[in-house]
Amino acid sequence: MAVRRATLADQVADEIIALIEETGLRPGDDIPPEGELAARFEVNRLAVREAIRTLSAREILVSSQGRPARVNVPTARVFGQILRFRLRQESLSYEDLLDARLAIEGALARRAAERTGRGEGSVEAADGLLAQMAQAVDDRERFVDLDVAFHAEIAAQAGNGMLGLVLDSLAEVLREQRLASYSGHSRRGDSHATTIEAHRAILDAIRAGDAGAAAAAMDTHLAETGKDLDGEAHA
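Small disclaimer: the values here were computed from a predicted structure and weren't measured.

Engineer: Would you explain the nonpolar core in this entry?
Structural biologist: For soluble globular proteins, the rule of thumb is that nonpolar side chains tend to be buried together. Core analysis: the largest hydrophobic core is formed by 40 residues, its most contacted members being Leu108, Phe150, Leu170, Leu203 and Ile206. Where this core is concerned, the elements lending two or more residues are helix H4 (77-89), helix H5 (94-117), helix H6 (124-134), helix H7 (140-158), helix H8 (161-169), helix H9 (171-187), helix H10 (193-207) and helix H11 (211-233). Broken down by element, this core gets its largest block of residues, eight residues, from H7. Grouped together as the second largest cluster of nonpolar side chains are 18 residues, Ala13, Ile20, Ala51 and Ile52 included.

Take a look at the structure:
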């Protein structure tokens, strides 16, 4: 397999990232102007301009006409695009995604319960989402959106920025997976009320501050999701 050689713009992009880190630039701070960067890295301004475009596409920088580019806070969007592309190429599978969810969301449920046990945060928002899910069991799109929001709320309650960012990057592909599992659940002849009950078991354990029970309830729920996906795949 041929080894990909970094372009000059790629190398300059790496140098700009290193410069941001070394100088302690924060989100909203300007990076040096193109001419200064070109002189510093001993390259032409075109290479700098291409590097800035590359970093803007990655959301590391934000640029606008007439002023230096600024340091940005990347969202999970770019990573999410890569994941969706890989899934559609079938270089990643929904089984891979489910395994990742088991590792990530079990840990998030555990941490959320630990924080609740210490009196930190609140489960009121998650309670409200469950109530809305109960009213939307026959509306596939809304039910799935509320399902995604419920899991995002558990991630927020967990208070771990790294795990939360990873889950956020999975949001779009998780929505696609949940649409498939909703259909598979129906094909299996199960009521979507059982899905709400599974979410309720997770939330009750978090509310009680029982970290082990919260992780176990999440694992049980995701195992059922796997059965739904399998049923849909073989339909």
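Engineer: I keep staring at H7 and nothing clicks. Help me out?
Structural biologist: Each full turn of the α-helix corresponds to 3.6 residues, which orients residues three or four apart in the same direction. With 19 residues, H7 extends 27 Å from end C-alpha to end C-alpha; this agrees with the ideal 27 Å at 1.5 Å per step. Turning to H7, its buried residues are Phe143, Val144, Leu146, Asp147, Val148, Phe150, His151, Ile154, Ala155, Gln157 and Ala158. Phi for Gly159, located one or two positions after H7, is positive at around 75°.

Engineer: So what exactly am I meant to see when it comes to the pattern of salt bridges here?
Structural biologist: Two side chains with opposite charge may pair up if their charged atoms get near one another. Considering all chains together, one arrives at 15 salt bridges under this definition. With a closest N to O distance of 2.6 Å, Arg101 and Glu105 form a salt bridge. Of this pair, Arg101 and Glu105 both sit in helix H5, four residues apart, which is roughly one turn of the helix. The same class applies to Arg101 as to Glu105, namely buried. A salt bridge links Asp147 to Arg178; the nearest nitrogen and oxygen atoms lie 3.1 Å apart. Separated by 31 residues along the polypeptide, Asp147 in helix H7 and Arg178 in helix H9 bring together distant segments of the chain. Here Asp147 matches Arg178 in class, with each residue buried.

How each quantity is defined
- Residues numbered from 1 in each chain as written.
- Predicted model: local features only at pLDDT ≥ 70, side-chain atom pairs only at ≥ 80, totals over all residues.
- Heavy atoms only, no water.
- Core = buried A, V, L, I, M, F, W, Y, C linked by side-chain atoms within 4.5 Å.
- Buried < 20%, exposed > 50% of the residue type's maximum accessible area, 1.4 Å probe, protein only.
- Helix = DSSP H or I, 4+ residues; strand = E, 2+ residues; numbered from the N terminus.
- Expected span 1.5 Å × (residues − 1).
- Salt bridge = Lys/Arg side-chain N within 4 Å of Asp/Glu carboxyl O.

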